[in-house]
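Here is how the chains run, residue by residue.
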Amino acid sequence: MSSTVIPFGPQHPVLPEPLHIKLVMEDENIVDAIPAIGYVHRGLEKLTETKEFTQNVFVVERVCGICSVMHAMAYCQGIEELMNIEVPDRAKFLRVIWAELHRMHSHLLWLGLLADAFGFESLFMQVWRDREKVMDIMEETAGARVVISANTIGGTRRDLTKEQMVKINVTVDEIKHDIQQVEAVFLNNYTVKHRLVGRGILSKADAIELCAVGPMARAAGIPMDLRTTGYSAYGQLDFEPVTHSDGDNYARTYVRLHEVYQSIDLIKQAIAKIPDGEHVAPFKGNPPKGEVISRVEQPRGEVLYYLRANGTKNLERLRLRTPTFQNIPSLIKMLPGSQLADVPLLILTIDPCISCTER
Amino acid sequence: MGIISKSRKKSPWVIHYDCTSCNGCDIEVLACLTPLYDAERLGIINVGNPKHADILLVTGSANKRNAHVLKNIYNQMPDPKVVVAIGACACTGGIFRECYNVMGGIENVIPVDVFVPGCCARPEAIIDGIVQGIGKLDEKADAMKDEGK
């Protein structure tokens, strides 16, 4: 049978970002998928070499607006390790609270986009309305909605007052109630399940071989979550990674939906356990000669920062590897054999963040 | 007012293209369309096809690879059309203006009518930018009429 090549992207209604995939088709079935990237490449890693290491916090936050807190967190943790800065306990808990709020907004955003991808417009609107409550908390506590600049080297730039924490506690409860309302639609609705169950299967063996990370790996049954290594204040909180065994679209939806509940639980635990004290530690001088690797768990999986300093105020090298880069091989594995109508959903279920990947 | 100019004014259709944005402005553009900010009450609908669109919302700065994609989308839109540059990156290149692969603001690639500043631009500012764009759309339509097109 002769094959047809269909270009998917870079401008496509289902993707907020430009990703280009050439789909080689036989009838409705995909036989091959060739990704092409580079539409969002800016040269951010080179830029960080010309800025001071304190300014770089703001640069790495703009690697990706959706997980900006985690990028800044990974970078700050790296510099702190390099310079031997003791971060106050309160700052660690504050970082966890903001990071988990960010994870919530990212997962809710994804659930909305998923609903939009299978054509359930009102569900998309519903989830995004619930997400605005998280954005309101961010604005109230940090002064901005998306890129909130909460982290700084040695701690956090702001502190939370008691009243703000009470309010966060009440609001996350409200969000939990709201998400419970839509949970049944995502997980039990006949039509929705028809689009999700059994589509885009990534087996556990494939996930290990292709180095899938984050919800992709957890949905395939690998309980891999960097938060369990106990960085920041996660070591003092009680949680288990959310996993599912099927590895299909449904499993990935299940994992992300339940991670919203997990984040709510973590925020409540952190607020209950947060100690009094300073929220930022002072430091002097430049990072000494040396190199360090810093890893944190982002909404999309593990991000790795490699920093090399030479004793001056500029870093010699900053290299980052982002979760979407890790997950694209799994996507290319899932695409052949599926139908054209499922392509938007398959691409969406890896939760692609192209601006992270290309920087 | 004829039916075309009336519907253009009352219900402009927008298309969104992300150049090299960090996603911050993109998700704020989407947030504009959702219930809290609800740009649809102004008749604004997000479409995927440039041939249906009146207003092009661009986030992020242009780079060497996406410049022709942006030009392509712009050229496919029917006249009259308006371009709204959203966020510091789309206006001037923002924090990335010194990067080796960034050509600066999208003004270097296509003509821009409205600039919305901010990093990230707030939904209120984006809606304000779109509403100003509707005014520009009207002026352009009148100019076309005078030319007899």
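Rules used throughout
Residues numbered from 1 in each chain as written. Chains lettered and ligands numbered in written order. Predicted model: local features only at pLDDT ≥ 70, side-chain atom pairs only at ≥ 80, totals over all residues. Heavy atoms only, no water. Helix = DSSP H or I, 4+ residues; strand = E, 2+ residues; numbered from the N terminus. Rg over C-alpha atoms; globule rule 2.2 N^0.38 Å. Contact = heavy atoms within 4.5 Å. Core = buried A, V, L, I, M, F, W, Y, C linked by side-chain atoms within 4.5 Å. Buried < 20%, exposed > 50% of the residue type's maximum accessible area, 1.4 Å probe, protein only. Polar contact = N/O pair within 3.5 Å; in protein donor to acceptor, adjacent residues only side chain to side chain. Pairing = 2+ DSSP bridges. Axes fitted to C-alpha atoms, helices over the stretch in contact; angles between N-to-C directions. Phe/Tyr/Trp six-rings, centres within 6.5 Å; stacked < 30°, edge-to-face > 60°. Lys NZ or Arg CZ within 6 Å of the ring centre and 35° of its normal. Buried area = accessible area lost by both parts, 1.4 Å probe. Salt bridge = Lys/Arg side-chain N within 4 Å of Asp/Glu carboxyl O.

(A) Geometry of the overall build of chain A. Across its full length, chain A holds 13 helices and 8 strands. The C-alpha atoms of chain A give 21 Å as radius of gyration, which agrees with the globular expectation for 359 residues (21 Å, within 12%). In terms of overall dimensions, chain A has a C-alpha envelope of 70 × 45 × 35 Å along the principal axes. At a minimum sequence separation of 6, the contacts of chain A that also span at least 24 residues come to 70%.

(B) A look at the nonpolar core. Ranked by internal contacts, the top residues of the largest apolar core, which has 123 residues, are A:Tyr75, A:Phe186 and A:Tyr305. When residues in this core are grouped by element, the largest group, 16 residues, is from helix α4 (residues 89-117) of chain A. Sequence-distant contacts of A:Phe186, defined by excluding residues within four places in its chain, comprise A:Leu111, A:Leu114, A:Ala115, A:Phe118, A:Leu123, A:Val127, A:Val192, A:Leu196, A:Tyr250, A:Thr253 and A:Leu257. Counting residues in hydrophobic clusters, the runner-up holds 47 residues, among them A:Val40, B:Val58, B:Leu70 and B:Ala85.

(C) Main features of the environment of A:Trp98. Residue and element names in this part refer to chain A. For tryptophan 98, the location among the structural elements is in helix α4. In this structure, the C-alpha to C-alpha distance between tryptophan 98 and isoleucine 148, residues 50 residues apart in sequence, is 9.2 Å. Not counting chain neighbours up to four residues away, the residues in contact with tryptophan 98 comprise Val69, Thr141, Ala142, Ile148, Ala150, Thr156, Arg158 and Leu160. Side chain to side chain, tryptophan 98 and threonine 141 meet in a polar contact 3.1 Å long.

(D) Spotlight on the sheet that holds strand β2 (residues 45-46) of chain B. Residues and elements named next belong to chain B. Read across the open sheet, the 5 strands follow the order β2-β1-β3-β4-β5; overall the sheet is parallel. Edge strands, defined here as strands with exactly one partner in the open sheet, are β2 and β5 (114-116). With 3 bridges connecting them, strand β4 (residues 82-86) and β5 associate as parallel partners. What sits directly across from alanine 85, in β5, is phenylalanine 115. Relative to strand β3 (residues 55-59), helix α2 (residues 24-33) is tilted by about 140°, and along the sheet it contacts β1 (13-18), β2, β3 and β4.

(E) The sheet that holds strand β6 (residues 290-298) of chain A, seen in detail. All names here are of chain A. With respect to topology, 3 strands assemble into an open sheet ordered β6-β7-β8, the strand pairing being antiparallel. With partners counted over all chains shown, the strands left at the sheet margins are β6 and β8 (315-321), one partner each. Strand-to-strand twist in this sheet, taken as the mean axis angle between neighbours without regard to direction, amounts to 15°. Two strands pair when backbone bridges link them, and strand β7 (residues 301-309) and β8 are joined in this way by 6 bridges, in the antiparallel orientation. Of the residues in β8, the one forming a bridge with leucine 304 is arginine 321.

(F) Geometry of the packing of aromatic side chains. All names here are of chain A. Enumeration over the complete set of coordinates arrives at 4 aromatic pairs over all chains. Consider the rings of phenylalanine 53 and phenylalanine 283, whose centres lie 6.2 Å apart with planes at 55°: the pair is tilted. One end of the pair, phenylalanine 53, is in the loop between α1 (44-50) and α2 (56-61); the other, phenylalanine 283, is in the loop between α10 (249-273) and β6, with 230 residues separating them in the sequence. We classify phenylalanine 283 as partly exposed; its relative accessible area is 30%. Note on phenylalanine 124 and tryptophan 128: the rings are 5.6 Å apart at their centroids and 55° apart in plane angle, and the pair reads as tilted. Placement of both phenylalanine 124 and tryptophan 128 in helix α5 (residues 121-142) is noted, with a separation of 4 residues, approximately one turn of the helix. For the residue pair phenylalanine 124 and tryptophan 128, the accessibility class agrees, reading buried in each case. Among the aromatic residues, those joined into a cluster by ring pairs are Tyr231, Tyr234 and Phe239. Here the guanidinium or amino end of arginine 131 rests over the ring plane of tryptophan 128, the centre of that ring lying 4.5 Å away. Over the ring of tryptophan 110 we find arginine 256; its NZ or CZ atom is 4.4 Å from the centre of that ring.

(G) Quick peek at the interface of chain A and chain B. At the junction of the two partners, chain A supplies 40 residues and chain B supplies 39 residues. Interface area for chain A against chain B, summed over the two sides, is near 3300 Å², with a carbon-plus-sulfur share of 63%. The largest per-residue losses of area from chain A upon contact with chain B belong to A:Gln11, A:Tyr39 and A:Arg42, which jointly make up 22% of the total buried on that side. For the pair chain A and chain B, the interface holds 3 salt bridges. Across the pair B:Glu98 and A:Lys51 runs a salt bridge whose closest N-O atoms are separated by 3.6 Å. Applying the counting rule to chain A against chain B returns 10 residue pairs in polar contact (both at pLDDT 80 or more).

(H) Spatial organisation of the pattern of salt bridges. Evaluation of the coordinates by the stated rule reveals 32 salt bridges over all chains. A salt bridge links B:Arg122 to A:Glu139, with the nearest nitrogen and oxygen atoms 2.7 Å apart. Of this pair, B:Arg122 sits in the loop between β5 and α5 (123-147) while A:Glu139 is found in helix α5, placing the two residues in two different chains. We classify A:Glu139 as partly exposed; its relative accessible area is 25%. For the salt bridge of A:Arg227 with A:Asp225, the shortest nitrogen-to-oxygen distance reads 2.9 Å. Assessed through its relative accessible area of 4%, A:Asp225 is described here as buried. Taken together, the shared-partner salt bridges in this structure form one network comprising A:Glu100, A:Arg103, A:Arg218, A:Asp225, A:Arg227, A:Glu259 and A:Glu297.

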